[in-house]
Amino acid sequence: MRLSSTGKDKMGTAQAVLLLFISISLVKGFLVGHRHQLRVPTSSQRTEGAKTTTYMSSTDIDESSLGLTPRLFEVSRAFQLMDERTRVQNLLALASSMKPMKDFRKLPENKVPGCLSTVYVHAFMQDGKVYFEGDSDAQLTKGLVALLIEGMSGCSAEEIQAVKPEFIKYAGIAASLTPGRNNGFLNMLAMLKRKAVEAESKGEGAGQEEPAVEFQEDIARPVYSSCMKKLINFLKPKRLEMQDDSAQHAGHAGAKGLGGESHFSLRIVADCFEGLSLVQRHKLVYTVLAAEMQQIHALSIDAKTPAEAG
Amino acid sequence: MAPGDEAAERSAAIETIKSLVGNNKVMLFMKGSKLFPQCGFSNTAVSILRACDAEFETFDVLSDYLVREEIKNYSSWPTIPQCYVNGEFVGGSDILLEMFESGELEKTLAELKK
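Residues numbered from 1 in each chain as written. Chains lettered and ligands numbered in written order. Predicted model: local features only at pLDDT ≥ 70, side-chain atom pairs only at ≥ 80, totals over all residues. Heavy atoms only, no water.

- By the naming in an unreviewed UniProt entry, chain B is Glutaredoxin, taken from Nannochloropsis salina CCMP1776.
- The UniProt entry for chain B carries the following comment under Sequence similarities (unreviewed entry): "Belongs to the glutaredoxin family. Monothiol subfamily." (UniProt positions renumbered as here; feature names shortened; annotations may be inferred.)

- As annotated in an unreviewed UniProt entry, chain A is Fe-S metabolism associated domain-containing protein from Nannochloropsis salina CCMP1776.

See below:
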């Protein structure tokens, strides 16, 4: 059975999470005294003439060779004991119980490359440890992100670097993923590692600021959404309004088609404009929106400091 | 067009920009002409300068695509219109409007007449 992103089987979230915890407790109880080693039966087949023989061999895995964090080890073992169906249900349960990521953080630099679905990850430091946030538009992919985040949050960047992607084989998940999704998973882990190092170098609290401005992504308005996210992240405005004026310019030569998103007006209030001339303020905005300026025809800017805005 | 030709034409466009900006106290790069602006923002810029009784020259970027491209590099500014006073880039229509409303534009233009 290949895992696809449509979860046809629905199980109550509470039930699925309960199942996960029961599995983990069972595993913990059963393995008291044998914490670091587990025999995992693998089978190999050889065909001689018309006869096919199945041989059983066992492979010892231990958490130190895979560099697993304690939590990741627990989660992997729990998943190992499940059947396909239960694994899928648990991934979906992890997905829905994961704390949602705020839209304004969904920047290109937070997007996992090489993933079939759209996946965002974000990391910050708290009390000397790295914590993660993640999101995806596809539930099963979101479950994989949630699994990694659940397993690695609260660890040091060094511990996170040590995690070997091979653990996904032992957790029994790899066999259920298509090559494309496997590749996506490797990219997710790689990005989480990179984000962990960046978070550590940025230091305590960085990346945890809540913006003063509310923002909801609008898939139907990609240019607008992209501009808003960048302005919020880089200029940290106290107030921000961006209006699509394209309809007003629909007739003239510069307007681009009927889709709108060609002419905008922006009203922004931020501390960063302090001491800057009008030209410097507008240039700052143009620099932040350099990529979008290539697509839009006109941007009208009203940039004030909080004192000026009143 | 051979690459060599384009480079030469581009240099020529940059020279045009430099001489226009250098030889005119108030220079406006716009879409359309002073009499017939082709864009709302360019129209605004022209109206404001008129309201200040300023003497100014204009260049229609729609007539020359190389100047239209190069003027954006020259000022590190992505849009048209662009207003230069005494060789210095002052802003687009938003900035001209703000400066006009605050009185700053008339003051700057009055300095020129001295």
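Alright, that's what it looks like, and here's the rest.
Here we look at the pattern of salt bridges
Pairs can form between side chains of opposite charge once their charged atoms are near each other.
Residue and element names in this part refer to chain A.
Okay, step 1: The tally for this structure, following the rule as stated, stands at 22 salt bridges over all chains.
Okay, step 2: In this structure, Arg 71 and Glu 150 form a salt bridge, with 2.7 Å as the shortest nitrogen-oxygen distance. Within this pair, whereas Arg 71 is found in helix 3 (residues 70-80), its partner Glu 150 is found in helix 5 (residues 139-152), the two being separated by 79 residues in sequence.
Okay, step 3: The shortest N-O distance in the salt bridge between Glu 308 and Arg 281 comes to 2.8 Å. (Salt bridge = Lys/Arg side-chain N within 4 Å of Asp/Glu carboxyl O. Helix = DSSP H or I, 4+ residues; strand = E, 2+ residues; numbered from the N terminus.)

Brief notes about the interface of chain A and chain B
Where interface size is given, it is often the accessible area lost as the parts come together that is meant.
Okay, step 1: At the junction of the two partners, chain A supplies 13 residues and chain B supplies 14 residues.
Okay, step 2: Considering only the surface of chain A that becomes buried against chain B, Leu278(A), Val279(A) and Tyr286(A) emerge as the three largest contributors, covering 37% of it.
Okay, step 3: Where chain A meets chain B, there are zero salt bridges.
Okay, step 4: There are four residue pairs in polar contact (both at pLDDT 80 or more) connecting chain A and chain B.
Okay, step 5: Of all the secondary structure elements, the ones that give two or more residues to the side of chain A that touches chain B are helix 10 (278-288) and strand 7 (298-304) of chain A.
Okay, step 6: Per-element tally for the side of chain A that touches chain B: the top contributor is helix 10 of chain A, with five residues. (Contact = heavy atoms within 4.5 Å. Buried area = accessible area lost by both parts, 1.4 Å probe. Polar contact = N/O pair within 3.5 Å; in protein donor to acceptor, adjacent residues only side chain to side chain.)

What to know about the packing of aromatic side chains
Okay, step 1: Applying the stated criterion across every chain, the model contains eight aromatic pairs over all chains.
Okay, step 2: One aromatic cluster is present, built from ring pairs that chain together Tyr286(A), Phe29(B), Phe59(B), Tyr74(B), Trp77(B), Tyr84(B) and Phe89(B).
Okay, step 3: The aromatic ring of Tyr224(A) is capped on one face by Arg221(A), whose charged end is 3.9 Å from the ring centroid.
Okay, step 4: Between Lys34(B) and the ring centre of Phe56(B), over which it is positioned, the NZ or CZ distance is 4.2 Å. (Phe/Tyr/Trp six-rings, centres within 6.5 Å; stacked < 30°, edge-to-face > 60°. Lys NZ or Arg CZ within 6 Å of the ring centre and 35° of its normal.)

Details of the sheet that holds strand 6 (residues 263-269) of chain A
Residues and elements named next belong to chain A.
Okay, step 1: An order of 5-6-7 is seen for the three strands of this open sheet, with the pairing classed as mixed. One side of each edge strand has no neighbouring strand; the edge strands of this open sheet are strand 5 (239-244) and strand 7. Going across the sheet, the axis of each strand differs from the next one's by a mean of 10°, ignoring polarity.
Okay, step 2: Pairing between strand 5 and strand 6: six bridges, direction antiparallel. Of the residues in strand 6, the one forming a bridge with Arg 239 is Val 269.
Okay, step 3: Sheet strands in contact with helix 9 (residues 222-235) are strand 5 and strand 6, and its direction is about 160° off that of strand 5. (Pairing = 2+ DSSP bridges. Axes fitted to C-alpha atoms, helices over the stretch in contact; angles between N-to-C directions.)

Some points on the domain arrangement of chain A
All names here are of chain A.
Okay, step 1: According to the domain assignment, chain A consists of domain 1 (63-202) and domain 2 (222-308).
Okay, step 2: With six residues of domain 1 in contact, the opposing surface of domain 2 contributes five residues.
Okay, step 3: For the domain 1 and domain 2 pair, buried surface summed over both sides reaches about 460 Å², with 65% attributable to carbon and sulfur atoms.
Okay, step 4: Area buried by domain 1 at its contact with domain 2 is led by Phe 104, Lys 106 and Leu 107, which between them contribute 73% of it. (Domains from an automatic or database assignment.)

Considerations on the state of the cysteines
Okay, step 1: Summed over all chains, the structure comprises zero disulfides over all chains.
Okay, step 2: The thiol of Cys39(B) is unpaired, and the distance to the nearest cysteine sulfur, on Cys83(B), comes to 15 Å. (Disulfide = S-S within 2.5 Å.)

Notes on the sheet that holds strand 4 (residues 88-91) of chain B
Residues and elements named next belong to chain B.
Okay, step 1: Here four strands make up an open sheet; going across it, the order is 2-1-3-4 and the pairing mixed. In the strand order of this sheet, the two ends are held by strand 2 (57-60) and strand 4, each with one partner. Averaged over neighbouring strand pairs, the angle between their axes works out to 25° when direction is ignored.
Okay, step 2: Taken together, the three bridges between strand 3 (residues 82-85) and strand 4 define a ladder with antiparallel strand orientation. Residue pairing across strands places Tyr 84 opposite Phe 89, the latter belonging to strand 4.
Okay, step 3: Running over the sheet, helix 1 (residues 3-23) touches strand 1 (26-30), strand 2 and strand 3 and is turned about 140° from strand 1.

A short note on the UniProt feature "domain: Fe-S metabolism associated" (unreviewed entry) in chain A
Okay, step 1: If you check UniProt for "domain: Fe-S metabolism associated" (unreviewed entry), the listed places come out as residues 79-194 of chain A in our numbering.
Okay, step 2: Secondary structure over residues 79-194 of chain A splits into 47% helix and 14% strand, and the C-alpha atoms at its two ends are 26 Å apart.

Regarding helix 5 of chain A
Residues and elements named next belong to chain A.
Okay, step 1: For helix 5, spanning 14 residues, the distance from its first C-alpha to its last is 20 Å, which sits close to the expected 20 Å at 1.5 Å a residue.
Okay, step 2: Where burial is concerned, most of helix 5 is hidden: twelve out of the 14 residues are buried.
Okay, step 3: Within helix 5, burial applies to Leu 140, Thr 141, Lys 142, Gly 143, Leu 144, Val 145, Ala 146, Leu 147, Leu 148, Ile 149, Gly 151 and Met 152.
Okay, step 4: Where helix 5 ends, the next residue or the one after it, Gly 154, has phi of about 85°, a positive value. (Expected span 1.5 Å × (residues − 1). Buried < 20%, exposed > 50% of the residue type's maximum accessible area, 1.4 Å probe, protein only.)

Description of the packing of helix 9 of chain A against helix 10 of chain A
All names here are of chain A.
Okay, step 1: At a closest axis distance of 9 Å, the pairing of helix 9 and helix 10 adopts a crossing angle of 120°. For the element pair helix 9 / helix 10, the angle class is oblique. As for how helix 9 packs across helix 10, the hand of that crossing is right-handed. Taken together, the residues of helix 10 that come into contact with helix 9 (itself represented by Lys 230, Leu 231, Phe 234 and Leu 235) are Leu 284, Val 285 and Val 288.
Okay, step 2: Considering only residue class, the contact of helix 9 with helix 10 consists of six nonpolar, no polar and one charged. (Parallel < 35°, antiparallel > 145°, perpendicular 65-115°, else oblique. Left-handed = near helix turned anticlockwise from the far one by under 90°. Nonpolar A, V, L, I, M, F, W, Y, C, P; charged D, E, K, R; others polar.)

Observations regarding the packing of helix 3 of chain A against helix 5 of chain A
All names here are of chain A.
Okay, step 1: In contact at an axis separation of 7 Å, helix 3 and helix 5 are set at 135° when each is read in the N-to-C sense. Judged by the inter-axis angle, helix 3 sits oblique to helix 5. Contact with helix 3, carried on its side by Arg 71, Leu 72, Val 75 and Phe 79, involves Leu 147, Glu 150, Gly 151 and Met 152 of helix 5 and no other residues of that element.
Okay, step 2: By residue class, the composition of the contact of helix 3 with helix 5 is five nonpolar, one polar and two charged.

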